[in-house]
Amino acid sequence: MTNPLFRDQILARLAEDLVGPLDRYEIISDRPTQRYSTGILYPRDAQIEPEEDEDGGLAVNITEDAASEPEEAGVSLHAALKPATAGLSFALEPFGTSVHPVIRIEVACAVYRRLAVDDAGHEVEGPPRDRAHERWRRMPLSAVVDMELRNGETRVDLAEHGIEGLELYMLVTPHVDLQTVTLALASQRSRGDSSAFDEEQHFFQVDLQVAIVTNGRFAPRPSRRAQTDEDSRTAALIYRDVKEYVVGHTCSARAILDGEAVAKLKIEWIPAVIVPRVSDRGDAVFDSLHQPNDDRRPLEAEWLAKVSAPDLVEGLERVVAAYQQWITREAMRVSSLPGEFQAQANRHIDRCRLGAQRMLEGITSIRTDEDVRAAFQLAQSAMAMQFRWSRKGTALKWRPFQLAFQLLVIPSVAERSHTDREVMDLLWFPTGGGKTEAYLALTAFIIMLRRLQATGEDDGAGVAVLMRYTLRLLTVQQFQRAAAMIFACELLRRRAASGDIGLADLGTAPIGIGLWVGAAATPLTLQEALNRSPGDPSTPEQLTTCPCCGAKLSWKLSPRESTVECTSDSVTCELAETGARLPVWTIDEEVYRHTPSLLIGTVDKFAQIVRKTDAAVIFGRGTTHAPPDLIIQDELHLISGPLDSMAGLYEVAIDELCRADSVRPKVIGSTATIRRAEEQIRALFDRGTYQFPAPGLNAGNSGFAVTDLDSPGRLHVGLTTAGRSATYMLQALVASLLQCGEQPRRTEAPAELTSRVRSYEIRDMLERLNKSAGVPDAVDLLVASNMISVGMDIPRLGLMVVNAQPKTLSEYIQATSRVGRGDAPGVVVTMYNSMRARDRSHFETFETWHRCLYRDVEATSVTPFASRAQDKALHAVLVALVRHLVPGMDRRPILDDIRRAGAERVASTIEARVARIDPAERAMVSQKLQRLVDQWASRRDLQTYWDDYNRRTSLLMSAEQFAAKADVDPDLDAEGARRALWPTPNSMREVEPGAPFVLRHVLKTEGN
Ligand SMILES: [Zn+2]
């Protein structure tokens, strides 16, 4: 149904419905201000009526999700004036100083005149009898004015040019060798003395266009963008072709090009821009790898899994050679760039070369190390296998970037002492680009490698990979994908164990997957899981169907263990053939018992390492296994604000727990919407960064990611609430969208995806969303909070309405990229609230910033050692590390002299990290740690680490409890705090403990 033409139909329909007219001399029966919603200049004293302002100007319920709350409260529209002006600003370069440029301004608009009709609908003389006999006739108006550009203000009454009651205002200001010009139309009309007469005082379908007649040309508006850091220098280079020629005022505006030159500037009430798709096939240099008739097929996982070592190496080398060819081509272009960009361009080329070098090193390791090669090929087998399961037999073909990323990372994940272990490799790919598959391949690789390298006591089992997400929605969906890959690995292991020829021994411990997310989604103990009541949202059953055959899974619980089985027989299910039981654990107790090879958790959950000694096994502590070798931090941009600071602090503990013989785990991650990634990664992970793919000379081509001009891309449309309430506009917009098309679709009640929805409902919702229209239970309309901006991959979503500009650009990009991922070209309509300055600015410059969407992503603040974060959780990090790392400290918190030395060693480790990340805080942290150790050592009465109910003998208590009881409990006064009873957060998200308070009515009665 949806095709590019249909999308254009939507846009045309919006313009007809919201701006008008349907016909040049139309006669309409609705009052014009009711028929049309935007593109209007109101009488200059028109106030916004209170009934239009029922929601304070915001079409949202602001008690909704805290995260989607608008960052500024809407200004009440009450008594605010409706817009009586609209215009645009631009810059112009005069030809010489002796002559003035002349511009031609074309104004068009319409007024609607009231007329009367009889019962048969024929026009009659005199005023209408009543509203039913009232009609409105469109009277088109236009004016053309040529103006000489002299500095200063000019006003032209357009009455002399044919439009009575409209004034043209012009302000010209010199700016270096340019002239900047602001042009505005201002209504001079006043409100009518009756509502009917009032209608005639409005100008509708207001249009303003500017062209140059002589002596000048349009120039890009002077940029106020300072190049202060590496990111802004990169942006200046790769977006050098994006120029802003015009901005709107009240409305939006755009430049009409004639080839390279700007022919005309014009205002726009419904601006629309296509944001092109990014192709993951890569630059044309990779085309030779896609040739179907070649017997070397390095992009095909199945080929990679099976070929001989020399063929494998040769095939992989072709991938890197193609990239090197691209680098050479770009390097040759540097000298033709304007001088100011050349140094930066050379830096980019160097980064690209470094990447290619590392990929070659990956190939060397595959060539020279038998285990690395075997692990790589087993990983390819597993990936190919799970892909066939999910795509009904389709073979997995890598996109060049996915394979290149694997090669890039392999040496430093395989070799524990590799120097790039200290570098976080950040996969930087526009949303929706198959990053997960690249991670999963690396996950399979390291799991297999550990098994192959098993020696002596260590059988290569244990948690090999920690995959961390920030939100539960993401976690559940990713869990399902990752489970398929893990089961494929386990299937290979079982086949090897049963003597399948050609498979290396992969040990006896199952290769399994665990989910570690928190009690709201999964139970902590088997007993808890058994005791839960039906409908309890916390359930171990996080996987419902067999990834291999699609049959329902059967979950069984006993006080001793839980089991998950595929219900198919061994004939229909490849997996069930080797044993029905699946290695998946979602109950904390079992996660600790089985230490699954891949553990997927939320960032928050890691705050638990302070409370639970059990969790230490995840890091290999107290087991014969090596600690995790790989940490995957997906969607890095989501770790921001307070969560970021807390996560950064806890990261100190996690990093230390994963460290063995001074070796730290490899960290990889992804994002496409982050600025100053380098700083953020330094602060969070205490590691350097390699962004992959490294940027080239243009934003549209990094070798691996290339702007795809053949696909329709995503159409972004803007709409302003100017003169209307947000609710009114939202209704008008949605009404128009729903009626669009030859046969308006019958819609069911909207579904909801917000934080009010429980985890298991989210899972069901994702399944429902995948059902195509017309199928029973399919979703027609979905109301979503910003929750939708995270990792949701539903190909059928085609149209999104965004209510007001999201808090950050990153969120806008993430949320809007959920539509148009499949075959349907996406449309995003964003409604900008003209009462909010940020929204207005986004609307007025709509076209420009959409053309370099990723450029202006805001930098997030990174302050893990800020003093507030220290106050909240520095002690937690100290306790976690002492508890897990200092011998004899795991159960009882008594810090005697010997153990105190251990605690001081831990303190100096933390201090050293602060010195690297945030030297300014070092002294403060050092002092605080010293004081913490002193306080702790002085408490010889301690029995437990954490007990909210026996505070006199506990070292920690929950921050929430502390805040709630601080006023009424003498243990918690200043004296208590001095005795070191440390309030500690339960999760990283609730960074400020809630303090319940009671409103007492007594005061009021006493006062009177
Ligand atoms: Zn099955």
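Fair warning: this is a prediction, and the values are worked out from it, not measured in the lab.

Colleague: I tried to follow the environment of Glu-361 on my own but got confused; where do I start?
Modeller: The topology assignment puts Glu-361 in helix H7 (residues 339-368). Considering only alpha carbons, one finds Glu-361 and Gln-935, 574 residues apart in sequence, at a separation of 50 Å. For Glu-361, the residues in contact, after removing those within four places along its chain, are Pro-411 and His-418.

Colleague: I'm lost on the coordination of the zinc ion in this one. Help?
Modeller: Ligation of the zinc ion by protein atoms is provided by Cys-546 (SG), Cys-549 (SG), Cys-566 (SG) and Cys-573 (SG), these donors lying 2.2 to 2.3 Å from the ion. Coordination geometry of the zinc ion: the four donor atoms subtend angles of 99 to 117° at the metal centre, consistent with an arrangement described as tetrahedral. Each donor residue of the zinc ion lies on the same chain, and together they follow the pattern C-x2-C-x16-C-x6-C. Of this pair, Cys-549 sits in the loop between helix H12 (526-531) and strand E19 (553-557) while Cys-573 is found in the loop between strand E20 (562-566) and helix H13 (574-577), placing the two residues 24 residues apart along the sequence. On the accessibility criterion, Cys-549 (28% relative accessible area) is partly exposed.

Colleague: I would appreciate a short explanation of the pairing of strand E18 (residues 513-516) in the present structure.
Modeller: Two faces belong to every sheet, and in a regular strand the side chains alternate between them. Here E18 shows a buried face lined by Ile-513 and Leu-515 and a second buried face lined by Gly-514 and Trp-516. Pairing of E18 with strand E21 (residues 584-585), which is carried by two bridges, proceeds in the parallel orientation. By the bridge assignment for E21, Gly-514 is matched with Trp-585. As paired strands, E18 and strand E22 (residues 598-602) are joined by four bridges and run parallel to one another. Each residue of the ladder has a partner; that of Gly-514, found in E22, is Leu-599.

Colleague: Would you mind showing me how to read the packing of H7 against helix H9 (residues 400-414) here?
Modeller: Geometry of a packed helix pair, given as the angle between the helix axes and the separation of the axes. Viewed as axis vectors pointing N to C, H7 and H9 meet at an angle of 70°, and their least axial separation amounts to 7 Å. Relative to H9, the element H7 lies roughly perpendicular. As H7 packs across H9, the resulting crossing turns out to be left-handed. Where H7 approaches H9, its residues Gly-355, Arg-358, Met-359, Glu-361, Gly-362, Ile-363, Ser-365 and Ile-366 are matched on the opposing element by Ala-404, Leu-407, Leu-408, Val-409, Ile-410, Pro-411 and Ser-412. Considering only residue class, the contact of H7 with H9 consists of nine nonpolar, four polar and two charged.

Colleague: Quick question: what am I supposed to make of the pairing of E19 here?
Modeller: Two strands pair when backbone bridges link them, and E19 and E20 are joined in this way by five bridges, in the antiparallel orientation. By the bridge assignment, Leu-557 is partnered in E20 with Ser-562. The loop that links E19 with its antiparallel partner E20 comprises four residues.

Colleague: Any chance you could explain the sheet that holds strand E31 (residues 827-832) here in plain terms?
Modeller: Consider a sheet: its strands pair through backbone hydrogen bonds, and that pairing is either parallel or antiparallel. As summarised here, the arrangement of the four strands in space is E14-E27-E31-E30, forming an open sheet in which the pairing is mixed. Looking along the sheet, the strands with just one partner apiece sit at the ends: strand E14 (272-275) and strand E30 (799-803). Ignoring which end each strand starts from, the neighbouring axes of this sheet average 20° apart. Strand direction decides the pairing type here: E14 and strand E27 (residues 714-720), joined by four bridges, are antiparallel. Looking at E27, one finds that Val-275 is bridged to Arg-714. Packing against the sheet, helix H17 (residues 726-738) makes contact with E27, E30 and E31, and its axis sits at approximately 175° to E30. With respect to the sheet, helix H20 (residues 837-844) is in contact with E27 and E31, its orientation differing from that of E31 by roughly 135°.

Colleague: How should I be thinking about unusual backbone geometry in this particular structure?
Modeller: Glycine aside, residues mostly have negative phi angles, and peptide bonds mostly take the trans form. Note the cis peptide between Gly-20 and Pro-21, where omega equals -10°. Among the secondary structure elements, Pro-21 is positioned in the loop between helix H1 (4-18) and strand E1 (27-28). Following Phe-692, the chain continues to Pro-693 via a peptide bond in cis, the omega torsion being -10°. Mapped onto the elements of the fold, Pro-693 is located in the loop between strand E25 (688-692) and strand E26 (706-708).

Colleague: Would you take a moment to explain the packing of aromatic side chains for this structure?
Modeller: The description of two aromatic rings rests on the distance between their centres and on the angle between their planes. Within this structure, the stated rule accounts for 17 aromatic pairs. Look at Tyr-323 and Trp-326: their rings are 5.8 Å apart centre to centre, the planes differ by 10°, and that puts the pair in the stacked class. In this pair, Tyr-323 and Trp-326 are both assigned in helix H6 (residues 309-333), three residues apart and thus about one turn of the helix distant. Between Phe-846 and Trp-849 the ring centres are 6.1 Å apart and the planes differ by 75°, which places this aromatic pair in the edge-to-face class. Taken as a pair, Phe-846 and Trp-849 lie in helix H21 (residues 846-851) at a separation of three residues, close to a single helical turn. Classification of Trp-849 as buried rests on a relative accessible area of 7%. Its end group placed over the ring of Tyr-690, Arg-358 keeps NZ or CZ at 5.5 Å from the ring centre. Positioned above the aromatic ring of Phe-606 is the side chain of Arg-468, whose terminal nitrogen or guanidinium carbon lies 5.3 Å from the ring centre.

Thresholds applied
Residues numbered from 1 in each chain as written. Predicted model: local features only at pLDDT ≥ 70, side-chain atom pairs only at ≥ 80, totals over all residues. Heavy atoms only, no water. Helix = DSSP H or I, 4+ residues; strand = E, 2+ residues; numbered from the N terminus. Contact = heavy atoms within 4.5 Å. Donors = N, O, S within 2.8 Å, 3.2 Å for Na, K, Ca; no water. Tetrahedral: all angles 85-135°; square planar, octahedral: opposite > 155°, others 65-115°. Buried < 20%, exposed > 50% of the residue type's maximum accessible area, 1.4 Å probe, protein only. Pairing = 2+ DSSP bridges. Axes fitted to C-alpha atoms, helices over the stretch in contact; angles between N-to-C directions. Parallel < 35°, antiparallel > 145°, perpendicular 65-115°, else oblique. Left-handed = near helix turned anticlockwise from the far one by under 90°. Nonpolar A, V, L, I, M, F, W, Y, C, P; charged D, E, K, R; others polar. Phe/Tyr/Trp six-rings, centres within 6.5 Å; stacked < 30°, edge-to-face > 60°. Lys NZ or Arg CZ within 6 Å of the ring centre and 35° of its normal.

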